[in-house]
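Here is how the chains run, residue by residue.
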Amino acid sequence: MGILRSEEMRKATLVLPVERAKEYISAMARTANLQFEDMNGDNMKRPYKKFIQRIDEMERILRYLVEEMKRTPDPQGVEGSTMYDAVVRERYDDFLANDRGTLDSVEQTILKIYKDFQQFQSNNESLLDAKHRCIEEKWVVTAATMYSRGSNQSVMSHAAEEGTSLMGGSGDDGPQFSSIAGTIVQSDQERFARTIFRATRGNTFTHFQPITDHLYDVRTHERVQKSVFVVYYQGGVTSNMRDKVQRICSAFGANIYPWPTGAAATQQRARELDDLIADKAQALKAYDRFVSSEMQAMIKQARPGANSQIEEWRMFCLKEKAIYATLNLFEGDTTLRADCWYPQEEEERIRRILVDLRGADNMSGMLLTDNRAMEASKVMPPTYFKPNDIVLPAQWLVNTYGIPRYQEANPAIFAVVTFPFIFGIMFGDVGHGLCLMLGGLWLMANADELKFTTNENLKVFLIFRYMIAMMGFFALYAGLMYSEVVGVGVMLFDSSWKEPADLDPKDETWTLTNTGEVYPFGLDPAWHGATNELLFVNSMKMKIAVLFGVTQMLLGLALRFGNALYFRNWIDFFCECIPMTIFMICFFGYMDWMIMYKWVTPMKEPPSIINTLIGMGLGLEEKHPLYEGQAGVQSTLMILTAISVPWILIPKPLILWWQHNNAQAHRYQELAMENELDPLAAAELGGMGGPGPGKVAAEEFELGEIVIHQLIETIEYVLGTVSHTASYLRTWALSLAHQQLSLVFLQKILLSQFALPVPINGIAIYIGFALFANVTAGILLGMDVLECFLHTLRLHWVEFQSKFFKADGHIFVPLSMRSVLEADQR
């Protein structure tokens, strides 16, 4: 069908042999477009659920491997990069052309790698835990060495001062003391000491020695600041006091290590710990080499120009999962059956695929079609377009508002031109439009290199590259029409305005009047800076906004005519399209004609168009007519405008009611003939739900609902036409705001620096230019572009599309392997 209307769709039943169903689905998902309906929606039977569960497990393993790669630094990459950054992705075409794997083989490979990783990681965690425990114990030994050199005397003397020898005893006759040592997180040491003191009723003394290095916590996998602690208590190694202290240490997650008792033992243990730490470090390096080699193998491209191996496995899982999820929609045991939608032009391709995949036993799939059943069905077919890269952004914007009804006129094809054009009217400036256009051209030139980027924002800009370039082009064109470069008037040709002889050369202000001479292209730059610049330019831009607004709304009405003719909906054609067009042309079209007539007809005292329209609506006499016979023309147009309102409101509900009654009478006659009854009895049977082989269920028809709907439609159109016309004035307002912002930024940030004395002005100009460039990029090329984009989007969604667009369709979602892979990547 093309881009203006969606593709013509067909509904059929696909029948496949169960043994080769997966092969058929895989082939059609690569080269054809079919959307399958769920045949098991009522009983929720899913015969291929076990395969999807296996694939889910494979995807879980792949996610685990990806997370491990993201935590592993890349020794061959830049600083801060990880192994996952080196993965080659998004080679969809190569994968689909070279995919030869089977579910069993890929699953076996992934499970083997996962088991190896799990085993080595478990060993690594044990080694890592042992290594860091050795490091912590070494700090304990270091603290013990400090105490053995005399520090413990001061500690114990301090304990004796505060606790009176803990239990009141002193000297050689006092009780013997033992100790428990270990490490604890510094943030917990105060609570730890307080808990021990209270639990032992002050019969212990705790001393802490901060560890200067950050130690690795195996439980949390984070670097933490710890301290060495030693708790002195009364009693031996089997006392109740020791058990109580150990329980408190366990509750706080403290690691307990033996406390050396002598200098020789301390030095011996320190040497042993150094050897253990070196051995553990060597074992950990071996693990790192293993992990690096395994990850390098997964990063390696499966083929020249292909994805990395782990990405190939991920795409394989996506492909298999999509196939089995589709097979779950089929019903049957020996043969699988499912209803499907497909474009009519692809029917021969689908049949060719079924024939080409026929096996040695001559068993092949079948595509069973029934055009009469499809025509009798009231199910609306899905909407399917085949947009190219130019139309795709506009189609996205249209689909965001609503999916076009099946074979309804598609607004996207017109938005390709009207969207950037209206944006250009708002954003009109030669300098800023050129920057935007160059950005779009750069994206177009580097599309092949940028399509593999991982930057999501850049991907969106890449999709909109043609629209961005066109937006910049139309902004550049509008800027030339406005004669504006970064808010300043530019003299492309000699001005048509001549300075009057009595103008004072010292006077920096001037007022322009229309001399009848025409500037070769666009706006005469002499208007820029004139005292009446805003008065004239605002009037001009307001009229341009209304002209283009009414033109676009008339285009929407033309598409409404096209829809009515295409669907042969003569009620809408005569009862809506014609009166709506009369209303639009007789009032707002006439207003546009008066605007253009004033432009091309010199007048000494031209009348106000607003006053003329008010007088036209109220039937007032025009004191200063625009042309001869104006009163008669306006009276005729106003009468047609008034007639068009009840024309939209009244005939359609009455015609629909009349058609419904005729259909009901015809249905009762058929029922009477089939049941050999008179029409009255048949009507009674039909009304009471009586039996009858030919009984046809009557469609619900509520005249009140139809009338209310048409009343709302009429009010919405009449009032909406007025408000929509005024809404297009936003193009003037945004154009004015853009021009004034550009001028203010240029004057206040850059030009004001030229007035400074030398050499300060050189530095000020340098700084001012940098600031001006950043403000221009951030506000005018950033925020203002977004603002104009959103207002343009609103004009298309509301003002334009409301004239014809139903937007109640549902999108065609075929089983396409490339779409499945791309959707997951997004």
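Remember, predicted model here, so these are calculated numbers, not experimental data. (Residues numbered from 1 in each chain as written. Predicted model: local features only at pLDDT ≥ 70, side-chain atom pairs only at ≥ 80, totals over all residues. Heavy atoms only, no water.)

Chemist: Please explain the sheet that holds strand E6 (residues 255–257) as it appears in this structure.
Modeler: Think of a sheet as strands paired side by side through backbone hydrogen bonds, with each pair either parallel or antiparallel. Spatially, four strands are ordered E4-E5-E3-E6 in an open sheet, and the strand pairing comes out antiparallel. Only two strands of the sheet have a single neighbouring strand rather than two, namely strand E4 (204–217) and E6. On average, each strand axis in the sheet is tilted by 25 degrees relative to the strand beside it, whichever way the strands run. One ladder, built from nine bridges, connects strand E3 (residues 177–185) with strand E5 (residues 222–234); its direction is antiparallel. Considered in E5, the bridge of Thr 183 is made with Val 228. (Pairing = 2+ DSSP bridges. Helix = DSSP H or I, 4+ residues; strand = E, 2+ residues; numbered from the N terminus. Axes fitted to C-alpha atoms, helices over the stretch in contact; angles between N-to-C directions.)

Chemist: Which parts of the structure should I look at to understand the nonpolar core?
Modeler: Side chains of nonpolar character tend, in soluble globular proteins, to be buried together. Counting 63 residues, the largest nonpolar core has Leu 14, Ile 25, Met 28, Phe 36, Leu 65, Met 69 and Met 298 as the members making the most contacts within it. In terms of residue count, the dominant contributor to this core is helix H9 (residues 309–327) (10 residues). Those residues within four positions of Leu 65 in sequence are excluded, and the remaining contacts are Ile 113, Phe 117, Met 298 and Ile 310. By size, the runner-up hydrophobic cluster in this structure holds 58 residues, among which are Ala 409, Tyr 627, Phe 789 and Phe 800. (Core = buried A, V, L, I, M, F, W, Y, C linked by side-chain atoms within 4.5 Å. Buried < 20%, exposed > 50% of the residue type's maximum accessible area, 1.4 Å probe, protein only. Contact = heavy atoms within 4.5 Å.)

Chemist: Is there a simple way to think about the packing of aromatic side chains in this case?
Modeler: Tallied over the full model, the rule gives 32 aromatic pairs. Between the aromatic rings of Tyr 590 and Trp 593, the centroid separation amounts to 6.1 Å while the plane-to-plane angle is 15 degrees, which identifies the pairing as stacked. Here Trp 593 and Tyr 590 lie together in helix H19 (residues 570–600), a separation of three residues that amounts to about one turn. Since its relative accessible area comes to 37%, Trp 593 is described here as partly exposed. For the cation-ring pair, Lys 70 lies above Tyr 84, with the distance from its terminal atom to the ring centre recorded as 5.1 Å. (Phe/Tyr/Trp six-rings, centres within 6.5 Å; stacked < 30°, edge-to-face > 60°. Lys NZ or Arg CZ within 6 Å of the ring centre and 35° of its normal.)

Chemist: Before we go on, may I ask you to explain unusual backbone geometry in this structure?
Modeler: Outside of glycine, negative phi angles account for most residues, and trans bonds account for most peptide bonds. Between Val 758 and the following residue, Pro 759, the backbone shows a cis peptide bond with an omega angle of 0 degrees. Note on placement: Pro 759 falls in the loop between helix H25 (730–750) and helix H26 (760–800). With a phi close to 55 degrees, Ser 483 is a non-glycine residue in the positive phi region. When you line up the elements, Ser 483 lands in the loop between helix H17 (465–482) and strand E9 (484–485). The exposure class assigned to Ser 483 is buried, which follows from its relative accessible area of 0%. Its identity is not glycine, yet Val 486 carries a phi of approximately 45 degrees, on the positive side. As for its placement among the helices and strands, Val 486 is situated in the loop between E9 and strand E10 (488–489).

Chemist: Whenever I open this one, a nonpolar patch on the surface confuses me. Can you help?
Modeler: On the surface, Phe 473, Tyr 477, Leu 492, Phe 493 and Phe 521 cluster together into a nonpolar patch covering about 440 Å² of accessible area. Along the polypeptide, Phe 473 turns up in helix H17. Residue Phe 473 is classed as partly exposed on the basis of its relative accessible area, which comes to 42%. (Patch = residues over 30% accessible without salt bridge, like charges linked within 9 Å, V, L, I, M, F, W, Y side chains within 5 Å. Areas by Shrake-Rupley, 256 points an atom, 1.4 Å probe, with all protein chains shown as cover. Salt bridge = Lys/Arg side-chain N within 4 Å of Asp/Glu carboxyl O.)

Chemist: What should I look at first to understand the pairing of E3 in this one?
Modeler: When you tally the buried positions in E3, you get seven out of nine residues, the bulk of the element. Of the pairings in the sheet, the one linking E3 to E6 comprises three bridges and is antiparallel in character. The partner of Ala 181 across the bridge, within E6, is Tyr 257.

Chemist: Looking at this structure, I do not really get helix H24 (residues 703–727). What am I missing?
Modeler: Because an α-helix packs 3.6 residues into every turn, residues spaced three or four apart end up facing the same way. Taking 1.5 Å as the rise per residue, H24 with 25 residues should run 36 Å; its terminal C-alpha atoms sit 34 Å apart, in good agreement. Turning to H24, its buried residues are Gln 710, Glu 713, Thr 714, Tyr 717, Val 718, Gly 720, Thr 721, His 724, Thr 725 and Ser 727. (Expected span 1.5 Å × (residues − 1).)

Chemist: How should the pattern of salt bridges be read in this particular structure?
Modeler: When their charged atoms lie close together, side chains carrying opposite charge are able to pair. Going through the model one piece at a time under the given rule, you end up with 39 salt bridges. Notably, a salt bridge pairs Asp 99 with Arg 30, separated by 3.5 Å at the nearest N-O pair. Within this pair, whereas Asp 99 is found in the loop between helix H3 (92–98) and helix H4 (103–163), its partner Arg 30 is found in helix H1 (residues 21–31), the two being separated by 69 residues in sequence. Using a relative accessible area of 31% as the deciding quantity, one classes Arg 30 as partly exposed. One connected set of salt bridges, linked through shared partners, spans Lys 22, Arg 30, Asp 99, Lys 319 and Glu 320.

Chemist: Even after reading the chapter, I still don't get the packing of H25 against H26, so can you show me in this structure?
Modeler: Working note: a packed helix pair is described by the angle between its axes plus the distance between those axes. With their axes 10 Å apart at the nearest point, H25 and H26 run at an angle of 175 degrees to one another. Considering the angle they form, H25 stands roughly antiparallel to H26. Residues belonging to the contact of H25 with H26 are distributed by class as follows: 15 nonpolar, five polar and four charged. (Parallel < 35°, antiparallel > 145°, perpendicular 65-115°, else oblique. Nonpolar A, V, L, I, M, F, W, Y, C, P; charged D, E, K, R; others polar.)

Chemist: Which parts of the structure should I look at to understand the environment of Phe 561?
Modeler: Along the polypeptide, Phe 561 turns up in helix H18 (residues 533–566). When the C-alpha atoms of Phe 561 and Cys 577 are compared, they prove to be 5.9 Å apart, with 16 residues separating the residues in sequence. When sequence neighbours within four positions are dropped, the list of residues in contact with Phe 561 reads Phe 573, Cys 577, Ile 578 and Thr 581.

Chemist: Mind showing me how you'd approach the packing of H18 against H25 here?
Modeler: At a minimum axis separation of 8 Å, H18 and H25 run at an interaxial angle of 140 degrees. Here H25 runs oblique to H18, going by the angle between their axes. In this structure, the crossing between H18 and H25 has a hand that is right-handed. Here Glu 533, Leu 534, Asn 538, Lys 541, Met 542 and Ala 545 of H18 come into contact with H25, specifically with Thr 731, Trp 732, Ser 735, Leu 736, Gln 739 and Gln 740. (Left-handed = near helix turned anticlockwise from the far one by under 90°.)

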